[in-house]
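What the coordinates show
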Amino acid sequence: AEYVQVSLRSDSITLHSPPFTSSSIVTSALNRFVGVITSINSHEAIAEVIFDVGSDITMIALVSLESLQQLNFELGSPVVATFKATSTRAVPFQS
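Residues numbered from 1 in each chain as written. Predicted model: local features only at pLDDT ≥ 70, side-chain atom pairs only at ≥ 80, totals over all residues. Heavy atoms only, no water.

Comments concerning the sheet that holds strand E6 (residues 78–83)
- Strand order in the open sheet formed by five strands is E2-E6-E3-E4-E5, with antiparallel pairing between adjacent strands. Where the open sheet ends on each side, the last strands, each with one partner, are strand E2 (14–16) and strand E5 (58–64). Sheet twist, expressed as the average angle between the axes of neighbouring strands with direction ignored, equals 45°. (Pairing = 2+ DSSP bridges. Helix = DSSP H or I, 4+ residues; strand = E, 2+ residues; numbered from the N terminus. Axes fitted to C-alpha atoms, helices over the stretch in contact; angles between N-to-C directions.)

So this is what it looks like as structure tokens:
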């Protein structure tokens, strides 16, 4: 295929509060996006955190309500999302 679409499960994304640098924590999740939270949908035990990472790309991460509170996330908060390359899936995309 000439183009592929890369997808990532929302439960495979880990969220962090900035500043988050590769030297601030040791992790095997080397891929990261920096963004801004645009929506939070809270449910019984988890929340969907929706954030804009630029270039018309919106991502969704699932986090526990406890994590949401500990990170003090709210609308407009900056966020760093990390994930392992092995959690991505590429599928052919017809333009």
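The rest of the description comes next.
Observations concerning the environment of Thr 88
- Locating Thr 88 in the fold gives a position in strand E7 (residues 88–93).
- For the pair Thr 88 and Leu 8, spaced 80 residues apart in the sequence, the C-alpha separation amounts to 4.9 Å.
- Only 2.7 Å separates the side chain of Thr 88 from the backbone oxygen of Ala 85, close enough to count as a polar contact. (Polar contact = N/O pair within 3.5 Å; in protein donor to acceptor, adjacent residues only side chain to side chain.)

Comments concerning the pattern of salt bridges
- In the structure shown here, the tally under the stated rule is one salt bridge.
- With a closest N to O distance of 2.5 Å, Arg 9 and Asp 11 form a salt bridge.
- By relative accessible area, Arg 9 is classed as exposed at 57%. (Salt bridge = Lys/Arg side-chain N within 4 Å of Asp/Glu carboxyl O. Buried < 20%, exposed > 50% of the residue type's maximum accessible area, 1.4 Å probe, protein only.)

Quick word on the pairing of strand E4 (residues 46–52)
- Taken together, the six bridges between strand E3 (residues 31–42) and E4 define a ladder with antiparallel strand orientation. Bridge pairing in E4 places Ile 40 opposite Val 49.
- Once E3 ends, the chain turns through three residues before running back antiparallel as E4.
- In the sheet, E4 pairs with E5 via seven bridges, with the strands oriented antiparallel. Of the residues in E5, the one forming a bridge with Phe 51 is Met 59.
- Hairpin remark: E4 followed by E5, antiparallel, with five residues in the connecting loop; positive phi at Gly 54, about 90°.

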